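# Structure at a glance
So the chains spell out like this:
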Amino acid sequence: SAPAGLRLWRDQARMAGVEAPAKHHANIMDFLSSRSDAPAASPTGHVHHGGAHSAPPMSREEEERYLLSLLSFGLDRVAAEPERLAGEARAGKKETETHAVENYGAFLESAVCVRNVREELESSGRLLHELAARVPPLEAAIGDVVDKAAAMEGERRDVSTTLKQHSQLLEILEVPQLVDTAVRNEYYEEALDLAAFARRLLARMPDIALLHDLVASVEACEQQLLHQLLARLQSNIQLPTCLHVIGLLRRLGKHTDAELRHQFLECRDAWLQASIDESRAGTGSSSNAYSHLCKFTDLIRMHMFEIVTQYRAIFLDFNSVQEDQSAEDGGLLYGWAHGRLSHYLGVLCKGLPSLKEGNQIASVLDKAMYCGAYLGREGLDFRGSLSPPFEARVLALLQSGLSQAHSAFEAALQSHAMTPMPPALKSRYEEAAAGGGGGG
C-alpha cells in the first residue's frame, strides 16, 4: 500500500543519511494522500475532481507500479514529481480546451443528434406502447379470420367434392322421380330396388337431412305402389299374378303376415262383390230373378273356389295350418268363406220366392248343388244347408198350385149343369161295376 511504501522509502533515506526537506516531504504526503483517498468512479467511468475536470482512474496495479517507480527515484526527482504532474495536467487541460474549441460545431451537432435520437426513441417508445395495446385485438381478429378461412376452406372442399360427384348426386336426387315413373309404368321390382337403395344410403349417412327428404319422397311413391298392388288384387287375376303381387307386398314391408292374409281376402272379396254387383246390374233384381240366381251361383262357385285355391297356394304353411286347427271359427279363410256362403244362402232365400215355375227352381237347385259339390273339394260343402229354403219354396209352390186347382175345380163344378145318366149307359155301368167286383 501507499503508506507502507512511503514508510519503507523514509527508512531507506534515513539509513542513507539523507534527511528530506520538510517542504518536499509535505508535497509527497499530500500527493500520496490524494492518490490513496481518490474519489470513486462515476457510472460513466470518469473520476470527478471538483466537477470541472475529470481524469480516468488508475487501477491498483498501476498505482503500485507508479509508487514503486517513485521509490526508485531520487529525492530530487520525487520532490519535483508533483510539479511535473501538475504541468502535465495543465497541458492536458489546455489540449482538451483546444480540441473543444476546434470541434465546437461537432459537439453541437452531436448534442442535437443525441437530442433528436432521444426524441425519436421516446416517440418510438410511445408508438410501441400503442402498438402493444393494439396487438391483442389484432390477434383476436386474426383468430376470427383464421376460423372463417378454415370454415370457408371446408365449404370450398365440400363444394369441390360435390362438383366432382355431380353426376352421382344427380342420380341419387332422381331416385324419387325414377321410383314414381317405375310405379306408373308398373315396373314394381325396379321401384322396390330403388327404394331399398335409398334406405341403404340413409342407413349409411343418417346425419344428412337431404337423404331424409329423399326417403320421405320414396315412401310417398311406395304408398302409391301399395294402392296399385291392392287394386291389382281387386281385379280378375290368376294365381301367378297373385303370387307376384303378394311377393311385392311382402318386399314392401307395410304389412305383417297376418295383416297380409286379411288384406288379400278383403281385396279378393271386393273383386267377388264387384262381379256380383255387375251381374245384378245386367240382369235386374225382380223380373229376371231366375237369371240373377243362376249367374250369382255360378260366380260364387267359380270365384270362391279360385280365391280359396289362391289363398292356400300363397299362404299354406305350417303356421297357417296350426292357425286353422286352433281357431274356434276355423281360421281366417274359413271365417271369410262362412260369411260369404251365409250371404249366398240369404240371397237364395230372398230370391226363391220370385221363382214361379218348378223347372226354374229345379234348375237353380241343380246349380246350387253343383256349386256345393264343387266347393266341397276345398272343404266348403254347404249342400246340407240348401234343403230348408228349397223345401219351403217347393211346399209353398205346391200349396199354391193345389189351392189354385181346388179353386178352379170348384168353379168348374159350379159352372157345369148336371143331367141324368141315360138308362142304357147306366145298365152298362152297373154291369161293368158288378163284373169288376166279381173278378176282385
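All residue numbers refer to positions counted from 1 along the written sequence of the respective chain. Reporting of local features is limited, given that this is a predicted model, to residues whose pLDDT is at least 70; pairs of side-chain atoms are given and counted only at 80 or more, and all residues count toward the totals for whole chains, interfaces and linings. With hydrogens and water stripped out, all remaining heavy atoms of the structure feed into the side-chain values.

## Thoughts on the overall build of the chain
Secondary structure elements are taken from DSSP: a helix is a run of H or I of four residues or more, a strand is a run of E of two residues or more, and numbering for both begins at the N terminus. In terms of helices and strands, the chain carries 17 helices and two strands. Partly exposed describes any residue whose relative accessible area lies between the buried limit of under 20% and the exposed limit of over 50%, with all areas from a 1.4 Å probe on protein chains only and scaled to the type maximum. The proportion of buried residues among the 440 residues of the chain is 25%. A contact between two residues is defined here by any heavy atoms of the two lying within 4.5 Å. Within the chain, counting contacts between residues at least 6 apart in sequence, those at least 24 apart form 66% of the total. To be clear on the numbers: accessible area is Shrake-Rupley with a 1.4 Å probe, and residue cover counts the displayed protein chains and nothing else. Accessible surface, the chain as shown: approximately 29,000 Å² in total, 58% of it carbon and sulfur.

## Observations concerning the side chain of glutamate 222
Summarising the element assignment, glutamate 222 is placed in helix H9 (residues 209-233). Not counting residues within four places of it along the chain, the set of residues in contact with glutamate 222 comprises Ala195, Arg199, Leu252 and Lys254.

## Side note on unusual backbone geometry
Of note in this structure, glutamate 186 is not a glycine but carries a positive phi near 65°. Following the sequence through the fold, glutamate 186 ends up in the loop between helix H7 (175-184) and helix H8 (188-204). Using a relative accessible area of 47% as the deciding quantity, one classes glutamate 186 as partly exposed.

## Here's the deal with H9
A helix is expected to reach a length of 1.5 Å times the quantity of its residues less one. The end-to-end C-alpha distance of H9 is 36 Å, a good match for the 36 Å that 25 residues give at a rise of 1.5 Å each. Of the residues making up H9, those classed as buried are Leu211, Leu214, Val215, Val218, Cys221, Glu222, Leu225, Leu226, Leu229, Leu230 and Leu233.

## Points about the confidence of the model for the chain
When pLDDT is averaged along the chain, the result is 79, and 80% of the positions lie at 70 or above. A score from 0 to 100, pLDDT tells how confident the predictor is in each residue. Per-element confidence in the chain is highest for helix H10 (residues 239-252), whose mean pLDDT is 91, and lowest for strand E1 (residues 47-49), whose mean pLDDT is 41. Across residues 16-26, confidence stays below pLDDT 50; counting only partners more than four residues off in sequence or on other chains, it has seven contacts.

## Notes on the pattern of salt bridges
The working definition used for a salt bridge is a side-chain nitrogen of Lys or Arg within 4 Å of a carboxyl oxygen of Asp or Glu. Considering all chains together, one arrives at 15 salt bridges under this definition. Between lysine 254 and glutamate 222 there is a salt bridge; the shortest N-O distance is 3.9 Å. Of this pair, lysine 254 sits in the loop between H10 and helix H11 (257-283) while glutamate 222 sits in helix H9, and the two are 32 residues apart along the sequence. Note on lysine 254: relative accessible area 34%, which makes it partly exposed. Glutamate 222 gets classed as buried once you look at its relative accessible area, which sits at 3%. Note that arginine 301 and aspartate 298 form a salt bridge whose closest N and O atoms lie 3.7 Å from each other. You can see arginine 301 and its partner aspartate 298 sitting in helix H12 (residues 289-315), three residues apart, about one turn around the helix. Each of Glu81, Arg84 and Glu88 takes part in a single network of salt bridges with overlapping partners.

## Concerning the packing of H8 against H10
Between two packed helices, both the angle of their axes relative to each other and the distance between the axes serve to describe the pair. Look at H8 against H10: their axes get within 11 Å of each other, and the N-to-C directions meet at 10°. In terms of orientation, H8 and H10 fall into the roughly parallel class. Note on element contacts: H10 touches H8 through His244, Leu248, Arg251 and Leu252, opposite Tyr188, Glu189, Leu192 and Asp193. As a working rule, the residues Ala, Val, Leu, Ile, Met, Phe, Trp, Tyr, Cys and Pro are called nonpolar, Asp, Glu, Lys and Arg charged, and the rest polar, with Gly in that last group. In terms of residue class, the contact of H8 with H10 is built from four nonpolar, one polar and three charged. Orientation is described by lines fitted to C-alpha atoms, with helices fitted over the stretch in contact, and by angles between N-to-C directions that extend from 0 to 180 degrees. An angle counts as roughly parallel when it lies under 35 degrees, as roughly antiparallel when it exceeds 145, as roughly perpendicular when it falls between 65 and 115, and as oblique in every other case.

## Some points on the side chain of glutamate 81
Structurally, the position occupied by glutamate 81 is in helix H4 (residues 75-102). Residue classification places glutamate 81 among the buried positions, given a relative accessible area of 3%. Beyond its immediate stretch of four places on either side in the chain, glutamate 81 contacts Tyr66, Leu70 and Phe73.

## Some words on the nonpolar core
Residues belong to one nonpolar core when they are buried, are Ala, Val, Leu, Ile, Met, Phe, Trp, Tyr or Cys, and are joined through side-chain atoms within 4.5 Å. Core analysis: the biggest nonpolar cluster contains 67 residues, and Leu233, Leu249, Phe264, Ile300, Met304, Trp336 and Leu375 have the highest contact counts within it. Counting residues per element, this core draws most heavily on H12, which supplies 12 residues.

## So, a nonpolar patch on the surface
Two distance rules govern patches: like charges are joined within 9 Å, and nonpolar side chains (Val, Leu, Ile, Met, Phe, Trp, Tyr) within 5 Å, applied only to residues with over 30% relative accessible area and no salt bridge. Judged by side-chain polarity, Leu173, Met205, Ile208 and Leu210 come together as a nonpolar surface patch covering roughly 340 Å² of accessible area. Here leucine 210 lies in helix H9. By relative accessible area, leucine 210 is classed as partly exposed at 48%.

## Here we look at the packing of aromatic side chains
Each pair of aromatic rings taken from Phe, Tyr and Trp, with Trp reduced to its six-membered ring, is defined by centres within 6.5 Å and is described as stacked if the planes are under 30 degrees apart, edge-to-face if over 60, and tilted in the remaining cases. Under the defined criterion, the tally for this structure stands at seven aromatic pairs. Considering the side-chain rings of phenylalanine 264 and phenylalanine 315, the 5.6 Å spacing of their centres and the 70° angle between planes classify their relative orientation as edge-to-face. Remark: phenylalanine 315 occurs in helix H12 and phenylalanine 264 occurs in helix H11; sequence separation between them is 51 residues. We classify phenylalanine 264 as buried; its relative accessible area is 0%. Owing to a relative accessible area of 2%, phenylalanine 315 belongs among the buried residues under this scheme. Residues tyrosine 370 and tyrosine 374 carry aromatic rings whose centres are separated by 5.9 Å and whose planes lie at 40° to one another, so their mutual orientation is tilted. Separated by four residues within a single helix, tyrosine 370 and tyrosine 374 lie in helix H15 (residues 358-375), roughly one turn from each other.

## Concerning the packing of H12 against H15
For the pair H12 and H15, interaxial distance at closest approach is 9 Å and the crossing angle is 5°. Put simply, H12 runs roughly parallel to H15. Mapping the contact onto sequence places Tyr290, Leu293, Cys294, Thr297, Asp298, Ile300, Arg301, Met304 and Phe305 in H12 and Gln360, Ser363, Val364, Lys367, Ala368, Tyr370, Cys371, Tyr374 and Leu375 in H15. Class assignment for the residues of the contact of H12 with H15 results in 12 nonpolar, three polar and three charged.

## Notes on H15
Under the 1.5 Å per step criterion, the end-to-end length of H15 is 25 Å for 18 residues, consistent within 8% with the ideal 26 Å. Inspection of H15 places Ile361, Ser363, Val364, Ala368, Cys371, Gly372, Tyr374 and Leu375 among the buried residues, and these make up the whole buried set. Where the residues of H15 are buried, they touch H12, helix H14 (331-351) and helix H16 (387-415).

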